[in-house]
Amino acid sequence: MKSKLIKFFYFLPIILFVACSKPQPQKPVSSSQDAMQLRDSMAKQEFELDKKIILEYIERHPNQKFVNYSDGFWLSSDMKSNNAITKNQQITYTYSVTNFEDEEIYSAQDIGNQYAVIGKTRQIKGINEAFQHLSEGEKATLLIPSYMAYGFSGDGKKILPAQPIVVHLEILELKNIP
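Quick caveat: nothing in here was measured; it's all calculated off a predicted structure.

K.L.:
It is not clear to me how the overall build of the chain should be interpreted in this structure. Could you clarify?
P.N.:
Secondary structure assignment for the chain yields four helices and seven strands. The order of α-helices and β-strands along the chain, N terminus first, is α-α-β-β-β-β-α-β-α-β-β. A total of 178 residues make up the chain; the buried ones form 35% of that total. Here the contacts in the chain between residues at least 6 apart in sequence split such that 69% fall between residues at least 24 apart. With the model as given, the accessible surface of the chain reaches about 12,300 Å², and the carbon-plus-sulfur share is 55%.

See below:
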């Protein structure tokens, strides 16, 4: 019993010292900076690969005139109108999606007619940005890099991760919202 009591009093100061010491602040992990640099590097490489695929597609389709918009996508349209779509207009549109080998991923029938208010749509970025350059009755082909489509995750169904896509878009109707 006496030896247990001695051990207790022997370890008591150590326990109190450890328990009463102030917590040391943790230093940031340096690998987070490395991870950000790696992610940025991968995104740049993916964009360059997408761009190469897009330019090869344009070369294989000489009858279509594509314009590269600063937003990052390419657009070819059957007409140009001064009546571009503006915010807060209701739009009815349809589209289909193919890969860059012209293989259908989603048909217009699969997708059906879509309805949205410009500036409040939940569409992929490439299609949202293209709306600003189109008007009622216009048909367009969009070449959309993966970061403006479904990114590194894909759509979880038919569009693969980091897959650039071709969208064939038709603006069916525009209505002004009062």
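K.L.:
Sorry, what's going on with unusual backbone geometry here?
P.N.:
Note on backbone geometry: most residues besides glycine have negative phi, and most peptide bonds are trans. You will see that D102, though not glycine, has its phi angle at about 65 degrees, which is positive. Note that D102 resides in the loop between β3 (89–98) and β4 (104–106). The class of D102 is partly exposed, set by a relative accessible area of 44%.

K.L.:
Could you clarify how one ought to interpret the pairing of strand β2 (residues 74–77) in this entry?
P.N.:
Where a strand is regular, its side chains alternate between the two sheet faces. Bridge count for strand β1 (residues 67–68) against β2 is two bridges, and the pairing is antiparallel. If you follow N68 over to β2, its bridge partner there is W74. Pairing of β2 with strand β6 (residues 139–144), which is carried by four bridges, proceeds in the antiparallel orientation. Bridge pairing in β6 links W74 to L143.

K.L.:
Which parts of the structure should I look at to understand the environment of K157?
P.N.:
With respect to the secondary-structure elements, K157 resides in the loop between β6 and β7 (165–176). Overall, the relative accessible area of 71% leaves K157 in the exposed class. Separated by 52 residues in the primary sequence, K157 and I105 have C-alpha atoms spaced 9.9 Å apart.

K.L.:
Where do I start with the packing of aromatic side chains in this structure?
P.N.:
Centre-to-centre distance and the angle between the planes together describe a pair of aromatic rings. Counting across every chain of the model gives six aromatic pairs. Arranged with centres 6.2 Å apart and planes meeting at 70 degrees, the rings of Y57 and F66 form a pair that is edge-to-face. According to the relative accessible area criterion, F66 is buried, its value standing at 13%. With a centroid separation of 5.3 Å and 85 degrees between ring planes, the pair formed by Y57 and F100 is classed as edge-to-face. Within this pair, whereas Y57 is found in helix α2 (residues 31–60), its partner F100 is found in the loop between β3 and β4, the two being separated by 43 residues in sequence. There is no split in this pair, since Y57 and F100 are both buried. Ring-pair connections join several aromatic residues into one group, and the members of that group are Y57, F66 and F100.

Reading the values: the criteria
- Residues numbered from 1 in each chain as written.
- Predicted model: local features only at pLDDT ≥ 70, side-chain atom pairs only at ≥ 80, totals over all residues.
- Heavy atoms only, no water.
- Helix = DSSP H or I, 4+ residues; strand = E, 2+ residues; numbered from the N terminus.
- Buried < 20%, exposed > 50% of the residue type's maximum accessible area, 1.4 Å probe, protein only.
- Contact = heavy atoms within 4.5 Å.
- Areas by Shrake-Rupley, 256 points an atom, 1.4 Å probe, with all protein chains shown as cover.
- Pairing = 2+ DSSP bridges.
- Phe/Tyr/Trp six-rings, centres within 6.5 Å; stacked < 30°, edge-to-face > 60°.

None of the figures reported here should be taken as evidence of function without further support.
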